[in-house]
Amino acid sequence: MAKYNVLFVLGGPGAGKGTQCDYIVRDYDFVHLSAGDLLREERQRPGSQYGEEIEGHIRSGTIVPVQITCSLLQRAMENSGRKNFLIDGFPRNKDNLEGWNKAMEEVADVKRVLFFDCDEKVCVDRCLNRGKTSGRSDDNEESLKKRIHTYNTSTMPIIEHYRKLNLVSELHAEQTPDEVFGDVKKVLDDLTL
Ligand code: UP5
Ligand code: MG
């Protein structure tokens with residue numbers, strides 16, 4: 001069977017990963033899988049043995065063990081019956097990267113990493129603004145400090161890892177959503193899958 005094509009979508013909290021993935025699936029043949037959304041769904045699933053553990057990590061901006069996240073991603077990929085995936089918000093640390101490589105290296109090719117680079121303060125303001133209506137338990141000042149810290153200390157090294165492999169496309173995420181998407185399109189139009 002042909003391997004899955006994967007684009008990892010990374011960037012700080014509120015950088016616009018989900019927003020840009022929505023734009024991409026409208027115009028391109030990709031399935032959008034947000035690791036955060038899959039974890040939030042699993043947290044709500046009646047009978048889930050991971051609900052409390054996931055909520056603890058989300059609220060404190062720390063990272064859920066890769067076995068949980070990677071199996072949710074893997075199941076969603078298999079169930080979709082599709083081939084091209086945007087994996088949004090993963091891998092976030094070394095444990096995630098190693099777990100992904102172990103489980104998925106044989107079945108998926110990481111074709112590119114879309115890195116949405118956004119000023120920290122802009123990120124925080126966007127999340128606080130969204131927090132007025134999102135109901136997300138981590139869109140508050142206290143959680144955001146921790147999310148930003150985790151991003152800087154754990155996720156940036158993963159972006160650097162992929163940069164060394166020449167797989168990173170850096171996007172200026174402080175522009176308007178349409179402007180950012182204009183830049184995203186240039187990257188996707190150059191991609192051969
Ligand atoms: N907005 C978007 N783009 C804009 C633009 N260009 N100009 C102005 N406004 C813009 O956007 C955020 C807000 O900004 C929205 O209101 C939007 O309208 C506006 P969004 O597209 O939602 O940004 P996104 O980058 O997706 O932000 P999100 O908050 O989802 O990012 P996080 O990475 O923090 O959240 P995620 O859901 O990925 O993870 C949450 C938690 O889950 C993590 O902290 C962690 O605890 C856990 N997690 C894991 O443990 N493992 C994983 O693999 C994934 C998550
Ligand atoms: Mg998101």
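A brief look at the structure comes next.

About the cut-offs
Residues numbered from 1 in each chain as written. Chains lettered and ligands numbered in written order. Predicted model: local features only at pLDDT ≥ 70, side-chain atom pairs only at ≥ 80, totals over all residues. Heavy atoms only, no water. Helix = DSSP H or I, 4+ residues; strand = E, 2+ residues; numbered from the N terminus. Buried < 20%, exposed > 50% of the residue type's maximum accessible area, 1.4 Å probe, protein only. Contact = heavy atoms within 4.5 Å. Salt bridge = Lys/Arg side-chain N within 4 Å of Asp/Glu carboxyl O. 1 Å grid on protein atoms, 1.4 Å probe; cavity = no way out; pocket = protein on both sides within 12 Å on 5 of 7 lines; lining within 4 Å. Points joined across faces, edges and corners; volume = space filled by probe spheres on them. Nonpolar A, V, L, I, M, F, W, Y, C, P; charged D, E, K, R; others polar. Phe/Tyr/Trp six-rings, centres within 6.5 Å; stacked < 30°, edge-to-face > 60°. Lys NZ or Arg CZ within 6 Å of the ring centre and 35° of its normal.

### Comments concerning the environment of Leu191
Relative to the helices and strands, Leu191 is located in the segment after helix H8 (177-189). We classify Leu191 as buried; its relative accessible area is 18%. Once the C-alpha coordinates of Leu191 and Gly99 are considered, the two residues, 92 residues apart in sequence, prove to be 26 Å apart. Excluding anything up to four places from it in sequence, Leu191 contacts Leu7, Phe30 and Arg112.

### Concerning the pattern of salt bridges
Under the defined criterion, the tally for this structure stands at 17 salt bridges. Asp109 serves as the salt-bridge partner of Lys3, at 3.3 Å between the closest nitrogen and oxygen. On the criterion of sequence distance, the pair formed by Lys3 in the segment before strand S1 (4-11) and Asp109 in strand S4 (residues 108-117) is long-range, its members being 106 residues apart. Residue classification places Asp109 among the partly exposed positions, given a relative accessible area of 28%. Of the charged contacts in the structure, one is a salt bridge between Arg163 and Glu160, with a shortest N-O distance of 3.2 Å.

### Some thoughts on the environment of Glu120
Of note, Glu120 is situated in helix H6 (residues 120-134). Classification of Glu120 as partly exposed rests on a relative accessible area of 44%. In this structure, the C-alpha to C-alpha distance between Glu120 and Tyr162, residues 42 residues apart in sequence, is 21 Å.

### Looking at the layout of surface pockets
Of the volumes computed, that of the largest pocket is approximately 910 Å³. Around the largest pocket, the lining is made up of 45 residues, and of these Pro13, Gly14, Lys17, Arg136 and Arg147 lie nearest the centre. Within the residue set of the lining of the largest pocket, elements represented by two or more residues are S1, helix H1 (17-27), strand S2 (31-34), helix H2 (35-44), helix H3 (51-60), H6, helix H7 (141-164) and H8. Residues of the lining of the largest pocket, tallied by class, amount to 16 nonpolar, 18 polar and eleven charged.

### Considerations on the packing of aromatic side chains
Inspection of every chain in the model, using the stated rule, returns six aromatic pairs. For the pair Tyr23 and Phe181, a centre-to-centre distance of 5.1 Å together with 65 degrees between the ring planes defines the contact as edge-to-face. Here the residue Tyr23 occupies a position in helix H1, and Phe181 occupies one in helix H8, the gap between them amounting to 158 residues. Each member of the pair, Tyr23 together with Phe181, is buried. Taken together, Phe8, Phe90, Trp100 and Tyr162 form an aromatic cluster joined through their ring pairs. Stacked on the ring of Tyr23, the Lys or Arg Arg26 has its end atom at 5.1 Å from the ring centre.

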